[in-house]
Amino acid sequence: MTTTLTGPEDKPSPAEESLARAKVRRAVALVALFTAIFYIPALRCGFFADDWLHRLALDQFPDIFREHLNLFGLIRSTEEVVAFKKFGLAPWWTDPDMRINFWRPIPSITHWLEYQLFGHSAIAAHLINIGFYTVTVFLVHRLLARYLSPSRWPLVFAVAVFALDDAHALNIVWSANRNETVGAIFVLASLLSFIRYREGSGRVFAGLSLLSYACALLSKESGLILPLFVLAHVVVFPERPGQTFFARIRPHLGMLAGFFLVSVAFLYLYFVVLGHGANSVYYINPLKNPGLWAEHFFRSGFYHAVILATGVPLHVLSSTPVRDYPLAALALGVVTVGFWALAWRWLRNDRPLRFFVLTMIAGQVIVTTSFPDPRNLFLPSIGFAYMVARVLEEAVARFPKGRPYRAVAGALVFLHLVLAPVLCQACIYIVSTFDGRFRVISDSLAKSIDYQHLPEDKLEVYFLNWHQREMTALYGLYLRRVLPTGVTDYKPITHNPNISYIDKLYQGLGGERIHYYSLSYVTGDVDVEVLSEYEIAVRPKKGHFFPTLFEQLYTTGKPWRAGQVFEPGTHRATIEEVSPAGEVLKVRFTFPEPLSSPRYRFMKWDGERFVPVSFVAVAGRGE
């Protein structure tokens with residue numbers, strides 16, 4: 001099943017072939033070593049977003065992990081939504097039906113073991129992530145070596161394209177996203193074992209393939225695409241030329257049935273027995289919102305194709321990049337369509353490419369997010385690395401025919417071996433700044449609040465706007481770790497086996513003397529109008545309240561309407577104005593005590609730090 005890339009007339013001798021293979025193996029080993037060193041700057045990155053929930057679960061709420069050996073159930077019930085809103089861990093607009101409740105026991109166990117050995121060491125977490133990623137690079141090499149000559153340079157190039165793909169960077173620098181690489185390891189192990197089984201290496205590989213598949217499912221839900229990979233392999237690579245579709249799959253019906261049974265058992269356990277599953281505008285549940293899933297299958301498919309072909313995540317510039325950056329979108333679209341068209345023209349008869357294209361399409365089927373997410377490209381990028389290497393090989397073979405082919409080769413090398421690594425390092429740098437951005441919040445609060453003398457009747461801090469949306473996810477858990485809360489020992493509550501998890505939330509968080517709430521995640525300036533002694537109205541000066549995934553994460557697609565009321569427990573939010581497009585433009589906030597109450601602290605981002613706002617001084621006019 002290996003594609004032969006050399007003609008009979010220039011076939012090397014066995015000794016030459018062995019030497020060439022050894023050189024390629026050494027080159028691939030150097031690529032893997034370089035990749036590990038390349039990501040060493042990630043050690044500067046700290047924790048953010050889901051990482052803070054993992055920290056909380058590992059040392060304060062062990063029930064979260066012990067219940068299902070799982071750290072990826074952020075919000076699992078309506079009761080948890082209510083509690084999170086009451087104590088500021090979820091914003092006021094969070095839908096009661098919103099869920100972020102994945103079941104990923106194998107990555108969770110790795111986090112638990114890491115915590116047992118190294119505590120809350122971000123450096124250890126990132127080193128482990130780099131180690132897992134290096135393993136995937138090795139397994140990708142083992143797979144690609146079956147379809148690219150193991151004795152020629154295109155194999156090394158393909159492995160390098162995968163290893164330095166900037167779409168993978170967030171999986172390494174974000175500790176909580178380890179599930180992507182761990183899941184990919186088991187998907188690759190399952191596929192490679194199945195191929196060995198097809199090649200006649202013994203039934204033990206059939207068992208290893210099914211076992212690895214089960215482990216892939218227990219690492220991340222996207223492992224469900226593995227049976228599609230297996231089916232694609234069976235169909236594209238028949239036992240004999242000219243076989244019909246059914247003749248190709250008939251010898252493997254037993255294995256396919258095994259994959260089907262494992263899939264059904266997993267889904268039943270996941271959704272029915274354990275009650276897991278996500279539901280939000282960002283994390284789409286196709287069973288609850290099939291229309292939204294179908295819409296974003298094609299929308300994100302285009303953006304994913306652009307990311308793969310160019311390495312440029314255009315969508316990070318804007319949630320509507322085609323409208324906001326038409327020239328950049330047009331240029332990247334032309335490059336993307338041009339590359340895919342060229343690949344089709346040169347490689348349409350390349351059988352391995354057909355297989356890898358099917359795997360890329362299968363990868364797109366598991367669209368779990370409404371936002372084009374580079375993290376979802378981890379498995380599809382394997383086939384794309386093969387495609388890039390083959391197109392480059394064809395271009396090099398055509399060098400004598402003219403400069404255009406040299407230009408194609410140069411563009412591919414630049415995009416995937418120059419630009420992609422630069423974008424990787426840019427991602428690492430951006431994430432490394434998150435620690436500083438988090439410290440801006442805590443330092444600003446420390447300058448305006450006496451944390452050594454928190455009042456018994458508690459403080460409530462309200463953020464009118466924000467400085468960076470990436471900091472909004474679970475920032476309250478970060479502040480609880482670095483600033484005093486008024487509670488010195490949570491263990492009598494959190495480690496009490498006679499108290500339910502919900503009661504522990506209310507007793508543990510409710511015992512704290514300070515809580516933090518966001519009235520908006522708007523990163524620009526806001527107009528604040530004091531309506532009465534107890535009410536303010538907030539309007540973004542530009543745009544609307546919920547423009548990005550960071551706000552939409554907490555919603556389920558229900559339309560907004562004027563007069564809609566939300567009562568998270570400490571205040572009331574009433575939507576005052578909605579645009580014709582259904583966007584929230586103005587919200588009124590009502591508080592049970594006067595705005596001048598010493599229990600309230602209103603904070604506003606002034607461009608450098610968060611500063612206190614006194615509404616007594618601006619009563620009767622907009623700020």
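Our structure is the block above this text.
Residues numbered from 1 in each chain as written. Predicted model: local features only at pLDDT ≥ 70, side-chain atom pairs only at ≥ 80, totals over all residues. Heavy atoms only, no water.

## With respect to the pattern of salt bridges
Right, so step 1: Tallied over the entire structure, the rule returns 30 salt bridges.
Right, so step 2: Taking the shortest distance from any N to any O, the salt bridge between Arg-76 and Glu-80 comes out at 2.9 Å.
Right, so step 3: Overall, Glu-80 belongs to the buried group, its relative accessible area being 4%.
Right, so step 4: Close ionic contact of Glu-114 with Arg-178 constitutes a salt bridge, the shortest N to O distance being 2.6 Å. Taken together, the residues Glu-114 in helix H5 (residues 105–118) and Arg-178 in helix H9 (residues 178–198) connect sequence positions 64 residues apart. (Salt bridge = Lys/Arg side-chain N within 4 Å of Asp/Glu carboxyl O. Buried < 20%, exposed > 50% of the residue type's maximum accessible area, 1.4 Å probe, protein only. Helix = DSSP H or I, 4+ residues; strand = E, 2+ residues; numbered from the N terminus.)

## A word on the sheet that holds strand S10 (residues 600–605)
Right, so step 1: Reading across from one edge, S4-S3-S10-S11 is the order of the 4 strands in this open sheet, with mixed pairing throughout. Two strands bound the open sheet, and with one partner strand each, they are strand S4 (514–518) and strand S11 (610–613). For this sheet, the mean inter-axis angle between neighbouring strands, taken without regard to orientation, is 30°.
Right, so step 2: Inspection of the sheet shows strand S3 (residues 459–463) paired to S10 by 4 bridges, in the parallel sense. Its bridge partner being in S10, Phe-463 is matched across the sheet by Met-603. (Pairing = 2+ DSSP bridges. Axes fitted to C-alpha atoms, helices over the stretch in contact; angles between N-to-C directions.)

## Some words on the packing of aromatic side chains
Right, so step 1: For the structure shown, the criterion picks out 59 aromatic pairs.
Right, so step 2: Note on Trp-466 and Tyr-475: the rings are 4.6 Å apart at their centroids and 55° apart in plane angle, and the pair reads as tilted. Take Trp-466 and Tyr-475: they sit in the same class, and that class is buried. (Phe/Tyr/Trp six-rings, centres within 6.5 Å; stacked < 30°, edge-to-face > 60°.)

## Points about the pairing of strand S6 (residues 535–540)
Right, so step 1: Among the 6 residues that make up S6, 5 are buried, leaving the element largely enclosed by the rest of the structure.
Right, so step 2: Where strand S5 (residues 526–532) lies against S6, 6 bridges are found, and the strand directions are antiparallel. Pairing of Val-528 across the sheet is with Val-538, part of S6.

## Quick look at H5
Right, so step 1: The end-to-end C-alpha distance of H5 is 20 Å, a good match for the 20 Å that 14 residues give at a rise of 1.5 Å each.
Right, so step 2: Listed in full, the buried residues belonging to H5 are Pro-105, Ile-106, Pro-107, Ser-108, Thr-110, His-111 and Glu-114.
Right, so step 3: On its buried face, H5 is in contact with helix H2 (50–59), helix H3 (62–68), helix H6 (122–144), H9 and helix H10 (204–217).
Right, so step 4: Downstream of H5 by a residue or two, Gly-119 has a phi angle that is positive, lying close to 65°. (Expected span 1.5 Å × (residues − 1). Contact = heavy atoms within 4.5 Å.)

## Section: the sheet that holds S5
Right, so step 1: Strand order across the open sheet formed by 5 strands is S5-S6-S9-S8-S7, with antiparallel pairing between neighbours. Every interior strand has two partners, whereas the edge strands, S5 and strand S7 (565–566), have only one.
Right, so step 2: Bridging between S7 and strand S8 (residues 572–578) involves 2 bridges; their strand directions are antiparallel. Across the sheet, the residue bridging to Val-565 is Thr-574, located in S8.

## A word on the packing of helix H14 (residues 290–310) against helix H16 (residues 326–347)
Right, so step 1: Contact geometry of H14 with H16 gives a least axis separation of 9 Å together with a crossing angle of 80°. Here H14 is positioned roughly perpendicular relative to H16, judged by the angle of their axes. Side by side, H14 and H16 meet where Ala-305, Val-306, Ala-309 and Thr-310 of the first sit next to Leu-332, Val-335, Thr-336, Phe-339 and Trp-340 of the second.
Right, so step 2: Here the residues of the contact of H14 with H16 sort into 7 nonpolar, 2 polar and no charged. (Parallel < 35°, antiparallel > 145°, perpendicular 65-115°, else oblique. Nonpolar A, V, L, I, M, F, W, Y, C, P; charged D, E, K, R; others polar.)

## A short note on unusual backbone geometry
Peptide bonds are trans in most cases, and residues, glycine excluded, mostly fall at negative phi.
Right, so step 1: The residue Lys-458 is not glycine, and still its phi comes out positive at about 75°.
Right, so step 2: Tracing the sequence through the fold places Lys-458 in the loop between helix H20 (434–448) and S3.
Right, so step 3: Lys-458 sits in the partly exposed class, given a relative accessible area of 26%.
Right, so step 4: Positive phi is not limited to glycine here, since Leu-474 has a value of about 60°.
Right, so step 5: Along the chain, Leu-474 falls in the loop between S3 and helix H21 (475–482).

In short, the description is geometric, and any link to function would need to be established separately.
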